[in-house]
Amino acid sequence: MANYDNLNDQQKQAVETTRGPLLILAGAGSGKTKTLTHRIAHLIHDEGVDPFNILAITFTNKAAEEMRTRVRDMVGPEADRIWVTTFHSTCIRILRRHIDRLGYDLNFTVYDTDDQKTVMKNVCKRLNIDTKNYKERTILNAISSAKDSLVSVSEYSLSTFGDFTKIVIARAYKEYQEQLKKSNALDFDDIIVLTVQLFKENPEILDFYQERFKYISVDEYQDTNKAQFELVRLLADKYRNLCVVGDDDQSIYKFRGANIRNILDFEEFYPEATVIKLEQNYRSTQNILDAANAVIANNRSRKVKSLWTSEGAGHKIRFMQLDNAYEEAETIVDEISSSVRRDDASYNDIAVLYRTNAQARLIEERLVLRGIPYNVVGGTNFYARAEIKDMIAYLKTIENGLDEVALRRIINVPKRSIGTVTIDKLLDFAEITDDSLFGAMQNADNISGLGKAGAKILNFVSLIENLRKELKAIGIAGVLNAIIEATDYYEYLKDQDEDSADDRISNVDELINKATVYEENAEEPSLTGFLEEVALVSDIDNIDNTDGRVLLMTLHSAKGLEFPRVYIAGMEDGLFPGMATISSGDSSDMEEERRLAYVGITRAKEYLTITCAKMRMLHGETQFNPVSRFVKEIPGELIDGMVPGSKISRSDYDEIDYGRGSRNFGGGYSDSRRSYGYDEGYANGGKPSARLKSYATPDARKPAMQSEIKNLNAIAGLSKGMPAGNVGELSFTTGDTVKHRKFGTGVVTGISKEPRDYKVTVDFDDYGTKIMYASFAKLEKV
DNA sequence: TTTTACTTCGTTTTT
DNA sequence: CGAAGTAAAA
């Protein structure tokens, strides 16, 4: 019997409502994961539901992971029989078994956005579409939103109504789908769309999964698109035990196809639905909640809710308007520094949020100068790096020879004299013989006019075929090593660019680590599985705020997270909300932007500081932005320094003495300057008032700053993704006996230093000799 | 084929 | 302003 004592009345009601459609409107910080996990435990323990019949869908791997552990904590190992996964992995699991019904092979690969663009480039070339007028991305976005709303190629073609742009997109859509199919590849949207199609065309398959998943819950329901709605609808259609959880006020992914109507109209679609609102907040102080409530109340398309807490009012929200973006960054970093020094805050209590990634740079620069450890979340994905994509392309080619994007990426990387001319000949041959590119390559002997390239092609083909054969014996990590060896890939990287080679090599090493970890941990490791994991994993999943770093991220990335101290930077009309939103005639755009502000505010547990700059460089021109309208929607009495009871007016802001209340202005400033020798830039000898003019020559300092960042980062061991200052000391040396979680004990026979880590060779008592990376293997000296 | 000069274009991005 | 992509030159 599960224990529900620590649930509030609404949560309890949600847990106990197990039959029929249920809509849980879960405000920010209202304990929705807790409610969902209890609900699952209740189903199993009190209603005797077989875990096998439960499906819990989330959007992110991270959310799925968290829910899985929490359910396991409550119900034990039985929990592993529940499907707790993302939309995309759910669908891939289903498609791996049945996609042959739709004419694809079961070993299909998944294309990421880069791959999509490559395909679209080819499509445009083939169809003579001028990519000046029609950008690949624009076309792809149109296709993506068509797929999101389940509009097929033929339906799209029929709905162009003579609109020339749409006609072009329709042609591109058709060709794009054909190319993907030829490559036996799916894009992210296809993963959902094809599953829906599979179910619609094969009632017996649908029925099988309907019987399997008698109880379904969907998290972050406000972010679902039409295709996902349809998928869930189909699955739940038989038993109608569908529980959706979401917060319409946190719907911030419209631009990616999320349809807020799914949650707003749930009751209309399921008239028999029970609706429960979770409004008690367990995260933030009342002041923060009041601010959030006040802002979001300006939205019209929403279900009215109001967050409250049984805890106290807490600290007021601090607002500071600085003269320019440099001072904004400096002020924030100063405050971070002093709050850690003087209060009991630690770096991992703190997050700096902003609207656009570009804003991170200035803040980063100041953090580096202060030697404050930080991590920037988002930006470039690990798997988007060229060297990683190369390695993955080799793996994809081994896995799925039809994958033309992968094959063409590596066919001449590293250089093996198979140039465009040769590739074109091969493609012609493939077209005539109705074969794939790889098929043509295998037949290189029968193609005339290839000249010397013929032998090179066959070499390449046998490399791939050999690796395919050896895969079983040497594993994924082994294959990767073999690729590097056979192609002399590291030499290639060094030839490319001497400076970045070390970084790139260590990235590849990291990929090998990941492969090793995957093979050690997965139930049934396979190349398919590894590629899937790689395709469906993002940086966001690896956010770690326990390693003593300040986190910098966009407001979007912050959804679902919480921090004791939050800074929201750049709250200016023109930046947040952005210019495009302000000038858009569609009020729903502004409402979405406001929801983003709501998400930002509700991330804060104890302290919320909002900043903006009067002057800021944007797109190469200096802009003078007024204070964000969202800030003005916060009642004045909640803001530090404001006259209680008054709404703030624009003129009020200009009167704010934002120096007040920040305890260490003068001192902190001059410290940081002296130590790094930037005094010259300041007008008044390192004793700035809050109204200090901007740097005399902000740009002149840049080159110095850039190299300074590199140096400081190197000294502090701060480069992105590296645990805070720990690469170095091993607790053992050659000859020591160590213990591994899985392989047991063994003797260290060798240690070699890698750019980022140690490679340790261990002769295990029971498993033979293994080479592993120290940071992953977690070896302990015994 | 590779380097270099020039143009273009600018939110957010769970998978 | 600066990244990224493209066209032209070597």
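Residues numbered from 1 in each chain as written. Chains lettered and ligands numbered in written order. Predicted model: local features only at pLDDT ≥ 70, side-chain atom pairs only at ≥ 80, totals over all residues. Heavy atoms only, no water.

## Remarks on the overall build of chain A
Reasoning step 1: If you tally the helices and strands in chain A, you get 32 helices and 20 strands.
Reasoning step 2: Residues classed as buried in chain A amount to 55% of the 782 residues present.
Reasoning step 3: Looking at chain A alone, contacts between residues at least 24 apart form 73% of all its contacts between residues at least 6 apart.
Reasoning step 4: Within the structure as shown, chain A displays about 34,100 Å² of accessible surface, and the carbon and sulfur contribution to it stands at 49%. (Helix = DSSP H or I, 4+ residues; strand = E, 2+ residues; numbered from the N terminus. Buried < 20%, exposed > 50% of the residue type's maximum accessible area, 1.4 Å probe, protein only. Contact = heavy atoms within 4.5 Å. Areas by Shrake-Rupley, 256 points an atom, 1.4 Å probe, with all protein chains shown as cover.)

## Some thoughts on helix α19 (residues 420–432)
Reasoning step 1: With 13 residues, α19 ought to run about 18 Å at 1.5 Å a step, and its terminal C-alpha atoms sit 18 Å apart, in line with that.
Reasoning step 2: What α19 keeps buried is the set Thr422, Ile423, Leu426, Leu427, Phe429 and Ala430. Considered in projection along α19, the buried side chains sweep an arc of 160° and stay on one side of the axis. Those residues of α19 that are exposed and aimed more than 90 degrees away from the buried face are Thr420, Val421, Glu431 and Ile432.
Reasoning step 3: In this fold, the buried residues of α19 make contact with α18 (404–410), α20 (437–442) and α21 (453–487).
Reasoning step 4: Once α19 finishes, Asp434 follows within two positions and takes phi at roughly 55°, a positive value. (Expected span 1.5 Å × (residues − 1). Arc of directions from axis to C-beta.)

## Some remarks on helix α14 (residues 286–296)
Reasoning step 1: Taken across its eleven residues, α14 has nine buried, putting it largely inside the fold.
Reasoning step 2: Turning to α14, its buried residues number three or more, namely Gln286, Asn287, Ile288, Leu289, Ala291, Ala292, Asn293, Val295 and Ile296.

## Details of the packing of helix α9 (residues 188–201) against helix α10 (residues 203–212)
Reasoning step 1: One way to put it is that α9 packs onto α10 with a least axis distance of 5 Å and a crossing angle of 110°. As the angle between them shows, α9 and α10 are arranged roughly perpendicular. Here Leu198, Phe199, Lys200 and Glu201 of α9 lie close against α10, whose contacting residues are Pro203, Ile205, Leu206 and Tyr209.
Reasoning step 2: The residue makeup of the contact of α9 with α10, split by class, is six nonpolar, no polar and two charged. (Axes fitted to C-alpha atoms, helices over the stretch in contact; angles between N-to-C directions. Parallel < 35°, antiparallel > 145°, perpendicular 65-115°, else oblique. Nonpolar A, V, L, I, M, F, W, Y, C, P; charged D, E, K, R; others polar.)

## A look at the protein's contact with DNA strand B
Reasoning step 1: DNA strand B sits among 22 residues. The nearest are Asp223, Tyr253, Arg256, Arg355 and Ser538.
Reasoning step 2: If you look at DNA strand B and keep only atoms within 4 Å of the protein, 51% of those are sugar or phosphate atoms.
Reasoning step 3: Note that a base oxygen of DNA strand B is positioned 2.9 Å from one of the side-chain N or O atoms of Asp223.
Reasoning step 4: Within the side chain of Arg355, a nitrogen or oxygen atom sits 2.3 Å from a base oxygen of DNA strand B. (Near = heavy atom within 4 Å. Polar contact = N/O pair within 3.5 Å; in protein donor to acceptor, adjacent residues only side chain to side chain.)

## Some details on the pattern of salt bridges
Reasoning step 1: One pass over the structure, following the stated rule, counts 52 salt bridges.
Reasoning step 2: One salt bridge in this structure joins Arg318 and Glu335, with 2.3 Å as the shortest N-O distance. With a gap of 17 residues between them, Arg318 in strand β9 (residues 318–324) and Glu335 in helix α15 (residues 325–342) connect regions that are remote in the sequence.
Reasoning step 3: When its relative accessible area of 11% is taken as the criterion, Glu335 is described as buried.
Reasoning step 4: Among the ionic contacts, a cluster of salt bridges with common partners joins Lys200, Glu230, Arg233, Asp237, Arg240 and Glu272. (Salt bridge = Lys/Arg side-chain N within 4 Å of Asp/Glu carboxyl O.)

## Quick word on the sheet that holds strand β8 (residues 274–278)
Working definition: the strands of a sheet are paired by backbone hydrogen bonds and lie parallel or antiparallel to each other.
Reasoning step 1: Read from one edge of the open sheet, six strands run β3-β2-β6-β7-β1-β8, paired in parallel fashion. Strands at the two margins of the open sheet, each flanked by one partner only, are β3 (83–86) and β8. Taken over all neighbouring pairs, the strand axes of this sheet differ in orientation by 15° on average, direction set aside.
Reasoning step 2: The pairing of strand β1 (residues 22–26) with β8 spans five bridges and is parallel. Paired with Leu23 across the two strands is Val275, which belongs to β8.
Reasoning step 3: Packed on one face of the sheet, helix α11 (residues 226–236) meets β2 (54–58), β6 (215–218) and β7 (242–246) and runs near 160° to β6. (Pairing = 2+ DSSP bridges.)

## Quick word on the packing of helix α17 (residues 386–399) against helix α24 (residues 527–536)
Two packed helices can be described by the angle between their axes and the distance between those axes.
Reasoning step 1: For the pair α17 and α24, interaxial distance at closest approach is 10 Å and the crossing angle is 140°. In terms of orientation, α17 and α24 fall into the oblique class. Remark: the crossing between α17 and α24 carries left-handed chirality. Contacts from Ile392, Leu395, Lys396, Ile398 and Glu399 of α17 reach α24 at Leu527, Thr528, Phe530, Leu531 and Val534.
Reasoning step 2: In terms of residue class, the contact of α17 with α24 is built from seven nonpolar, one polar and two charged. (Left-handed = near helix turned anticlockwise from the far one by under 90°.)

## Structural notes on the confidence of the model for chain A
Reasoning step 1: For chain A, the average pLDDT comes to 84, and 84% of its residues sit at 70 or higher.
Reasoning step 2: Every residue in residues 642–728 is under pLDDT 50, and counting partners more than four places away or in other chains gives 149 contacts. (pLDDT = per-residue confidence, 0-100.)

## Here we look at unusual backbone geometry
Reasoning step 1: Following Val413, the chain continues into Pro414 via a peptide bond in cis, with omega recorded as -10°.
Reasoning step 2: The topology assignment puts Pro414 in the loop between α18 and α19.
Reasoning step 3: Pro577 follows Phe576 through a cis peptide bond whose omega is 5°.
Reasoning step 4: With respect to the helices and strands, Pro577 occurs in the loop between β13 (563–568) and α26 (579–583).
Reasoning step 5: One non-glycine residue with positive phi stands out, namely Phe161, at about 45°.

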